[in-house]
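Results of the structural survey
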Amino acid sequence: MSALLVVWAVLLPSGFTSYLASGGTSWRHCTDLRPLDILSEVVPTSGVRSGIRMLQVQGARGFQFSASARHALSFPASQIFLYCDLFPEEFSIIITLRVLSVPPKKNEYIFTVMKEESNTVLVGLRYSLNKLHFLFWSRELSNGWQTQVTFQGISLTDNQWHTLVLAVSGQFFSLTVDCSIPIDVVVDTPFPASLSVKGSRFCIGSRRRRKGLFTGLLRQLVLLPGSDATSRMCTNMNFKLAVLSIPPVLQDLPVKPASNEVLKYPYEADMKLTLGSRPPCTKNEKAQFWFNASRKGLYLCDGSAWVAMLEVKERLEYVEEYQNLMTNSETMGIEIFVIPKVGFFAATANRYTPPGSAIYKWTDGKFQSYQNIPTYQAQSWCYFTIGKKIFLAVANFEQNERGQQFSVIYKWSHRTEKFFPYQRIATHSARDWEAFDIEGEAFLAVANHREGDNHNINSVIYRWNPRTGLFEANQTIPTSGAYDWEFFTVGPYSFLVVANTFNGTSTKIDSHIYIWLGGSFQLFQSILTFGAADWEVFRIGDRIFLAVANSHSYDSGTVVPNNYYAINSSIYELNITAQMFVKFQDLLTYRWQGYEGFVAVHRLPTFGCRDWEAFHTTAGSYLMYSSAREPLSKVLKLKTV
């Protein structure tokens, strides 16, 4: 069973239906065992009420409450507990919210259930900086004292939407945030089996006081009696906005008025729009829009890249040669990157030293030589940033003049506007670097190909130490002729897949997908590959694909066929139900063609092509490929209609 399947396993409810010991009469629940949409009980169908603002942020709507509305945002518990006055013994609470910054030592209440005639909180949920607190009153077991269950390390104050599922059963309390790994807490005092809510009220966003008022946006607040709702919520890819039940006014986009009518649902949009040249897209710009006049497109920043929302659909008509770029020697790989306020660059990983590899800058519509860097049969470059620091790491395949085998991380100097050596790391015929972030920490993975004639060696994952300002070994992973790493995320989960090429006797070997759990990568799935040289992950709509480039089929125990390079590569699709990647299509070259899958669309003449990169400037779209057989790379311009 895969790790994800374990995490998402269904927790079956223990059951509520029983018979009275005397008479055998069926006991009736206080409520129907259905989702109780608490938020809908206080919000009018139109969403309009004094003290309530409806805002649309990051493509989703929620309510913001003012202090003046705290008394109106309540209703008697008897409104939903129809048949008796007892709070469910086992239940889940589902909340979707967007929290603003919370000062230290301050608490804000999401909801409370309070006695009408006193300030006693029977049930409540509040949060503080990095903590979530669930409160309940247990007269019998705690001498009338309130019990508090605290979940530590809950980061909600990032101005992002989050969906929380709190499951309660006796002494066991489980919190799941955005369908990630549940946080379980066991306490001495169980949730009471017969908590009377007679003469009490649900209060949304407060405890009837101005102090502790909820200041964020609330989109979903649901009570589900009788079961753990986690399995019902974690069924699609949009974990942060998973829906069980929300007020109808929050569900659909407003209807465009036919004439001078007002919108069907009034709301405000928290939107920032940038015009002009391509701005940076980082966590600080997340949910901001950029309008590109030259491409007639509207783009949304997702925190790392600009995602097209509206753009003129262009069709590729033909490709023309644009620039012949003479390189220092044959080129094994290309890395294209942008340094803010400096320019557009391409780094070529060249085979021979001297003269080493080179960095080119896009100047007057062409790449021009900018900086030479000594390398040793360089295989690839990896550009990445850590905060404001800019780095470029090279994977060296051979030893230097002293017989040492190092790959080198270079750092950008804002003063000289050049890269300089920053950290040397011992590697073994390195083929690739992959940089990635997990939960705010920076990592760097190297694909070690072989040590001498031994291809079955460890590749290494390094973690950035902010105190020393260096990368330090964090984990080793056994690999076989490793050629490439590819990092990707699915919801809150982080994955790393390795392309294993050769185990010393055969290219027909497993490549492995790893998942980040408990502070390290653990095996998630193995896929049979044939001299795997590259993995790429891509998305089409909500579907997630993983493509492998198989290079050739070879086995030392068999006769080498004449066409052992004629082999299909494969595309796999993530099957959410099966919790694994399943084969989608075998192909040589591809383009997405809807129900047909991927079909060839253009064929381009190349000579010893080793790597492709696509890039865009204000003047148009381009492709660049490297040649492993001649000191010449080419830039091609795409002509569209």
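Residues numbered from 1 in each chain as written. Predicted model: local features only at pLDDT ≥ 70, side-chain atom pairs only at ≥ 80, totals over all residues. Heavy atoms only, no water.

Taken together, four strands build an open sheet; the order of strands is β27-β28-β29-β30 and the sheet is antiparallel. Single-partner strands in this sheet number two, and they are β27 (378-386) and β30 (418-426). Shown here is a sheet whose adjacent strand axes are inclined to one another by a mean of 25 degrees, direction ignored. (Pairing = 2+ DSSP bridges. Helix = DSSP H or I, 4+ residues; strand = E, 2+ residues; numbered from the N terminus. Axes fitted to C-alpha atoms, helices over the stretch in contact; angles between N-to-C directions.)

Take the nonpolar core next. Ranked by internal contacts, the top residues of the largest apolar core, which has 56 residues, are Phe87, Phe134, Phe191, Phe202, Ile204, Leu218 and Leu221. Not counting residues up to four positions away in its chain, the partners in contact with Ile204 are Ile38, Leu39, Val42, Phe65, Leu73, Ile110, Phe111, Leu218 and Leu221. Listed in part, the 21 residues of the second largest apolar core include Val490, Phe495, Ile515 and Val548. (Core = buried A, V, L, I, M, F, W, Y, C linked by side-chain atoms within 4.5 Å. Buried < 20%, exposed > 50% of the residue type's maximum accessible area, 1.4 Å probe, protein only. Contact = heavy atoms within 4.5 Å.)

One pass over the full model with this rule turns up seven salt bridges. With a shortest N-O distance of 3.5 Å, Arg201 and Glu116 are connected by a salt bridge. Placement of the pair is Arg201 in strand β15 (residues 200-204) and Glu116 in the loop between β7 (108-115) and β8 (121-128), with a sequence separation of 85 residues. Glu320 is the salt-bridge partner of Lys639, the closest N and O atoms lying 3.7 Å from each other. Here Lys639 is found in strand β45 (residues 632-640), whereas its partner Glu320 is found in strand β22 (residues 316-326), with 319 residues between them in sequence. (Salt bridge = Lys/Arg side-chain N within 4 Å of Asp/Glu carboxyl O.)

Residue-level pLDDT values for the protein chain average 83, and 83% of them are 70 or greater. Under a pLDDT of 50 for its full length, residues 591-596 has, in the predicted model, 12 contacts with residues more than four places off or in other chains. (pLDDT = per-residue confidence, 0-100.)

Attention shifts here to the pairing of β15. The buried count for β15 comes to four of five residues, which makes it a mostly enclosed element. Both strand β4 (residues 74-76) and β15 contribute to a ladder of three bridges, which runs antiparallel. Following the sheet pairing, Pro76 is matched in β15 by Arg201. Strand direction decides the pairing type here: β7 and β15, joined by five bridges, are antiparallel. Residue pairing across strands places Phe111 opposite Ile204, the latter belonging to β15.

Okay, a nonpolar patch on the surface next. Where nonpolar side chains cluster on the molecular surface, the patch consists of Val307, Met309 and Leu310 and spans about 280 Å² of accessible area. With respect to the helices, strands and loops of the structure, Leu310 is situated in strand β21 (residues 306-311). A relative accessible area of 58% means that Leu310 is categorised as exposed. (Patch = residues over 30% accessible without salt bridge, like charges linked within 9 Å, V, L, I, M, F, W, Y side chains within 5 Å. Areas by Shrake-Rupley, 256 points an atom, 1.4 Å probe, with all protein chains shown as cover.)

Take the packing of aromatic side chains next. Under the criterion given, the structure shown has 52 aromatic pairs. Between Trp290 and Trp306, the ring centres sit 5.6 Å apart and the planes meet at 55 degrees, which makes this aromatic pair tilted. Linking Trp290 in strand β19 (residues 289-292) with Trp306 in strand β21, this pair joins segments that are 16 residues apart in sequence. Using a relative accessible area of 3% as the deciding quantity, one classes Trp290 as buried. One aromatic cluster is present, formed by Phe75, Phe81, Phe87, Phe91, Phe111, Phe134, Phe136, Phe173, Phe191 and Phe202 through successive ring pairs. Across the ring face of Tyr322, the terminal group of Lys366 is positioned such that the distance to the ring centre comes to 4.6 Å. (Phe/Tyr/Trp six-rings, centres within 6.5 Å; stacked < 30°, edge-to-face > 60°. Lys NZ or Arg CZ within 6 Å of the ring centre and 35° of its normal.)

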